[in-house]
Amino acid sequence: MKPSNPYIVPSSEALSVLKQIIVHNTEKQQDSEALIKAYLSALVGELLIKLPLVPVEELDTEIVQKLLMYCEEHFREEINIRTAAESLHISESYVSKLFSAKLGCSLRKYINRLRLVEVKKLLRSSDRSIIDIMLSCGFNNQSSFNRIFYEEIGITPREYRQMGRNR
């Protein structure tokens, strides 16, 4: 649930409690601080009771699932925020916002991770050249591929392949 309106309209009970807080704050009596805390709790309670709530829509989750499926199906192709947004008929800024808010990374980083999973599988299971594997998994620039692989995996593709063969 979420508030239907960001502004709270105080009730007469809430205004009465607020007046009591002001009175006790100006009097500075011995128990004023404890009374003010109690009145503040009562005020918050009064305001929350009157706060109209509406259900949070689950639309974001459905769109994220569709985006992830799109990425799974097309990671070998040239894919970017524009193509992903167009495939689901939503804005590029919304795609970007969803990825960062729901997945904690950018679309580009997610696609690169999908590609790297496939690259690692092929490096372990085939004798194809690293360049051929790189291209078949959607990377089109060897230097950026090597940089991304090293940043994510911590070793070069060649070292990864050799480690897999030494096991």
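The sections below set out a description of the structure shown in this document. Each chain carries its own residue numbering, running from 1 in the written order of its sequence. Where local features are concerned, this predicted model is filtered to residues with pLDDT of at least 70; where side-chain atom pairs are given and counted, the filter is 80 or more; whole-chain, interface and lining totals use all residues. Excluded from the side-chain calculation are hydrogens and water; included are all heavy atoms of the structure.

**A short note on the pattern of salt bridges**
One speaks of a salt bridge when a side-chain nitrogen belonging to Lys or Arg is within 4 Å of a carboxyl oxygen belonging to Asp or Glu. Taken as a whole and assessed by the stated rule, the structure comprises 9 salt bridges. Between Arg76 and Glu118 there is a salt bridge whose closest N-O contact spans 3.0 Å. Linking Arg76 in the loop between α3 (59-74) and α4 (81-88) with Glu118 in helix α6 (residues 107-125), this pair joins segments that are 42 residues apart in sequence. Its relative accessible area of 13% is what places Glu118 among the buried residues. Between Glu152 and Lys109 there is a salt bridge, with its nearest N and O atoms 3.3 Å apart. Remark: Lys109 occurs in helix α6 and Glu152 occurs in helix α8 (residues 142-153); sequence separation between them is 43 residues. Summary of the burial criterion: residues with accessible area below 20% of their type's maximum are buried, those above 50% are exposed, and those between are partly exposed, where the area comes from a 1.4 Å probe applied to protein chains only. By relative accessible area, which is 32% here, Glu152 ends up partly exposed. The numbering of helices and of strands both runs from the N terminus, where a helix is a DSSP run of H or I of at least 4 residues and a strand a run of E of at least 2.

**Here's the deal with the packing of aromatic side chains**
Aromatic pairing here means that ring centres of Phe, Tyr or Trp (its six-membered ring) are within 6.5 Å. Orientation follows from the plane angle: under 30 degrees is stacked, over 60 is edge-to-face, and everything else is tilted. The full count for this structure, using the stated rule, is 4 aromatic pairs. Ring geometry for Phe99 versus Tyr110: centroids 5.7 Å apart, planes at 55 degrees, classification tilted. Here the residue Phe99 occupies a position in helix α5 (residues 92-103), and Tyr110 occupies one in helix α6, the gap between them amounting to 11 residues. Of the two residues examined, Phe99 and Tyr110, each falls in the buried class.

**Details of the state of the cysteines**
When two cysteine sulfur atoms lie within 2.5 Å, the pair is treated as a disulfide. Summed over all chains, the structure comprises 0 disulfides. We note that Cys105 lacks a disulfide partner, and the nearest cysteine sulfur, in Cys71, lies 9.4 Å from it. Considering cysteine sulfurs only, Cys71 is the nearest to Cys137, which forms no disulfide, with 15 Å between them. With relative accessibility at 0%, the residue Cys137 sits in the buried group.

**A word on the environment of Leu123**
Take Leu123: it is sitting in helix α6. With a relative accessible area of 1%, Leu123 lands in the buried category. For the pair Leu123 and Ile133, spaced 10 residues apart in the sequence, the C-alpha separation amounts to 7.6 Å.

**Let's talk about the nonpolar core**
In terms of nonpolar packing, the biggest core is built from 19 residues, with Leu67, Cys71, Phe99 and Ile111 touching the most fellow members. Top element by residues in this core is α3. It accounts for 5 residues. In this description, contact between two residues means that some pair of their heavy atoms is separated by no more than 4.5 Å. With residues up to four places along the chain from it excluded, the contact list for Cys71 reads Ile79, Phe99, Leu107, Tyr110, Ile111 and Leu114. By size, the runner-up hydrophobic cluster in this structure holds 14 residues, among which are Ile133, Cys137, Phe145 and Ile148. Here, nonpolar core refers to any group of buried Ala, Val, Leu, Ile, Met, Phe, Trp, Tyr and Cys residues whose side-chain atoms link them within 4.5 Å.

**Details of unusual backbone geometry**
Within the chain, His89 stands out as a residue other than glycine whose phi angle is a positive 60 degrees. Counting through the fold element by element, His89 comes out in the loop between α4 and α5.

**Remarks on the packing of α6 against α8**
Running from N to C, α6 and α8 cross one another at 90 degrees; their axes reach a closest spacing of 11 Å. The angle between α6 and α8 places the two elements in the roughly perpendicular class. In contact with Lys109, Asn112, Arg113, Leu116, Val119, Lys120 and Leu123 of α6, α8 contributes Phe145, Ile148, Phe149, Glu152 and Ile153. Gly is put with the polar residues, along with every residue not named as nonpolar or charged; the nonpolar set is Ala, Val, Leu, Ile, Met, Phe, Trp, Tyr, Cys and Pro, and the charged set is Asp, Glu, Lys and Arg. Tallied by class, residues from the contact of α6 with α8 come to 7 nonpolar, 1 polar and 4 charged. Geometry is summarised by axes, namely lines fitted to C-alpha atoms with helices restricted to the contacting stretch, and by angles between N-to-C directions that run from 0 to 180 degrees. What sets the label is the angle itself: under 35 degrees gives roughly parallel, over 145 gives roughly antiparallel, 65 to 115 gives roughly perpendicular, and the rest give oblique.

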